[in-house]
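# Coordinates in review
Spelled out from the first residue to the last, the chains are:
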Amino acid sequence: MNKIYAMTGGATGIGAAVKQQLIDRGDQVIVIDIQASDIVADLSTTEGRANALRALEEKAPDGLDGFIPCAGLGPHTKPYSLIARVNFFGSTAMIEGVRPLLEKKKGVIVVISSNSAPLPGYSEDFIKKLLSGDEEQACKLIDTLDGQTAYGGSKRALAIWMREKSAEYMRNGVRMNAVAPGVTQTAMTDGVFNDETFGSAIKEFSEMTPYGSVAQPEMIADSILFLLGPQSEFICGSVLFVDGGTDAMLRPTEF
Ligand SMILES: NC(=O)c1ccc[n+]([C@@H]2O[C@H](COP(=O)([O-])OP(=O)(O)OC[C@H]3O[C@@H](n4cnc5c(N)ncnc54)[C@H](O)[C@@H]3O)[C@@H](O)[C@H]2O)c1
């Protein structure tokens, strides 16, 4: 039987590849994005998130088989608080909001973290503020810090949030995991590669990938579809690094 999924950030990049793969196999996908989508919403605002959830409830009153919060902004985005608002608060608020629809159908969530999440040097205070749920305090702090902390910190907090919540979600029938992609060729990374501050750092990071090149969005989408599907039924609360071996190379003893 065909399934029905909702996702954010499906207009371009990794999200667009996920959407295409789901459609190609006959599933229905409802995309929420700030551009070209079924539900147009700005997930950096509480109002945008609430509007998106209302529209989604109308489009999928019988529930959802899965949800992929994929919308995200890169470290070159300014102000840095926008990164925290979309990557962390946009994802977590949407997951919490979509949860009742997922509980109706024992749905599955795949969160999009990053292999930059475990890198050292991010502000612990920022990560604590994100996890406390205090959006305004977290945003105030990050606007005094830097884009890499905003990005990597938001992705680390997202993975921790997912792991902290996953048992309770699972007990209510909703399975939740994350992927942590390495550098993938998308509009976001084009922006980072061309950025004065981040261009050389991301070039260096992507050149060290044991696989030998950056990923294509379809490679990340394949892993997301695996985590959405029945072959991963017993996997819950995991962060799957899909990064050509970079994380294992950098942190062989931590897992
Ligand atoms: N590309 C990479 O190297 C890489 C690596 C690790 C993780 N990721 C993560 O993968 C996800 C997808 O990124 P991508 O590389 O495909 O980038 P992308 O720029 O192609 O896609 C991001 C999507 O998010 C949407 N979006 C941005 N701001 C929004 C807002 N305020 N409200 C609603 N939608 C908004 C965009 O319109 C776009 O469709 C992001 O969460 C990103 O952090 C990407």
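Scroll up a little and you will see the structure.
These numbers were taken from a predicted model, which means no experiment stands behind them.

Conventions adopted
Per-chain numbering applies: the sequence of each chain, read as written, is numbered from 1 onward. Per-residue local features are limited, in this predicted model, to residues with pLDDT of at least 70; the limit for side-chain atom pairs, both in listing and counting, is 80 or more; totals at the level of whole chains, interfaces and linings are taken over all residues. As a convention, hydrogens and water are excluded, and side-chain values are obtained from all of the structure's heavy atoms. Each helix is a run of H or I in the DSSP string that is no shorter than four residues. Each strand is a run of E no shorter than two, and both are numbered from the N terminus. Throughout, the radius of gyration refers to the C-alpha atoms, and the reference size of a globule is 2.2 Å times the residue count to the power 0.38. For the exposure calls, accessible area comes from a 1.4 Å probe over protein chains only, and a residue counts as buried if that area is under 20% of its type's maximum, exposed if over 50%, partly exposed in between. Every residue pair with non-hydrogen atoms within 4.5 Å of one another is taken to be in contact. To measure how exposed things are, a 1.4 Å probe is used in the Shrake-Rupley method; for residues, cover is taken only from the protein chains shown. The charged-residue count follows a simple rule in which Lys and Arg add positive charge and Asp and Glu add negative charge, with His and chain termini not counted at all. One atom stands in for each charge, and that atom is NZ of Lys, CZ of Arg, CG of Asp or CD of Glu. Whenever a nitrogen or oxygen atom comes within 3.5 Å of another N or O atom, the pair is scored as a polar contact, on the condition that within protein one atom can donate a hydrogen and the other can accept it, and that pairs from neighbouring residues in sequence are kept only if both atoms are in side chains. Here a residue is considered near a molecule or strand provided that any single heavy atom belonging to it is located within 4 Å of it. Stacked, tilted and edge-to-face pairs are distinguished by plane angle, under 30 degrees for stacked and over 60 for edge-to-face with tilted covering the rest, among Phe, Tyr and Trp rings (Trp via its six-membered ring) whose centres lie within 6.5 Å. As a reminder, the over-ring test applies to NZ of lysine and CZ of arginine, requiring each to be within 6 Å of the ring centre and within 35 degrees of the ring normal. Interaxial angle, 0 to 180 degrees, is taken between N-to-C directions of lines fitted to C-alpha atoms, where a helix line uses only the stretch in contact. Each angle gets one of four labels, with under 35 degrees taken as roughly parallel, over 145 as roughly antiparallel, 65 to 115 as roughly perpendicular, and the rest as oblique. Note on convention: near helix rotated counterclockwise from far helix by under a right angle means a left-handed crossing. Clockwise means right-handed. Definition used for salt bridges: Asp or Glu carboxyl oxygen within 4 Å of a side-chain nitrogen of Lys or Arg.

In this section: the overall build of the protein. When its secondary structure is counted, the protein shows ten helices and seven strands. Taking 255 residues into account, the globule formula puts the C-alpha radius of gyration at 18 Å, and the protein, at 17 Å, falls close to it. Each of the three principal axes of the protein carries a C-alpha extent, and together these read 45 × 40 × 35 Å. Split into buried and exposed, the 255 residues of the protein put 53% on the buried side. The contacts in the protein between residues at least 6 apart in sequence include a share of 75% that link residues at least 24 apart. Just so you have it, the protein exposes about 11,700 Å², and 53% of that area is on carbon and sulfur atoms. The averaged location of the 32 negative side-chain charges in the protein is 5 Å from the averaged location of its 23 positive side-chain charges.

Time to look at the side chain of Arg-99. One can find Arg-99 in helix 3 (residues 80–105). Within the local environment of Arg-99, its side chain forms a polar contact with the side chain of Glu-103, the two groups lying 2.7 Å apart. Setting aside residues up to four positions removed in sequence, Arg-99 forms contacts with Glu-168, Tyr-169 and Asn-172.

Summarising the element assignment, Ser-113 is placed in the loop between strand 5 (108–112) and helix 4 (124–132). If near-sequence neighbours (up to four positions away) are discounted, Ser-113 is found in contact with Lys-155, Ala-159, Val-179, Ala-180 and Pro-181.

Taken together, 30 residues lie around the ligand, and Thr-12, Asp-33, Tyr-151, Thr-184 and Thr-186 are the ones closest in. Within the side chain of Asp-42, an N or O atom sits 2.9 Å from a nitrogen atom of the ligand. Every element with two or more residues in the shell around the ligand is listed here: helix 1 (13–24), helix 6 (147–171) and helix 7 (187–193). Ranked by the residues each element gives to the shell around the ligand, the list is headed by helix 7, at three residues.

Summed over all chains, the structure comprises two aromatic pairs. Considering the side-chain rings of Phe-88 and Phe-89, the 5.0 Å spacing of their centres and the 90° angle between planes classify their relative orientation as edge-to-face. We note that Phe-88, like Phe-89, is buried. Ring geometry for Trp-161 versus Tyr-169: centroids 6.4 Å apart, planes at 70°, classification edge-to-face. Grouping residues by exposure puts Trp-161 and Tyr-169 together as buried. When the ring centre of Tyr-169 is taken as reference, the NZ or CZ atom of Arg-99 above it lies at 4.3 Å.

With that settled, the discussion passes to the packing of helix 2 (residues 46–59) against helix 3. Helix 3 packs onto helix 2 with a crossing angle of 30° between their chain directions and a minimal axis gap of 10 Å. Considering their axes alone, helix 2 and helix 3 lie roughly parallel with respect to each other. Note on packing geometry: the crossing formed by helix 2 with helix 3 is right-handed. In contact with Arg-49, Ala-52, Leu-53, Leu-56 and Glu-57 of helix 2, helix 3 contributes Arg-85, Phe-89, Gly-90, Ala-93, Met-94, Gly-97, Val-98 and Leu-101.

Using the criterion set out here, one finds 13 salt bridges in the structure. With a closest N to O distance of 3.7 Å, Glu-96 and Lys-165 form a salt bridge. Within this pair, whereas Glu-96 is found in helix 3, its partner Lys-165 is found in helix 6, the two being separated by 69 residues in sequence. A relative accessible area of 35% means that Glu-96 is categorised as partly exposed. Note on Lys-165: relative accessible area 24%, which makes it partly exposed. When the shortest N-O distance is used, the salt bridge between Lys-129 and Asp-125 registers 3.3 Å. With a gap of four residues between them, Lys-129 and Asp-125 both fall in helix 4, about one helical turn apart. Residues participating in the shared-partner salt-bridge network are Arg-49, Arg-85, Glu-135 and Glu-136.

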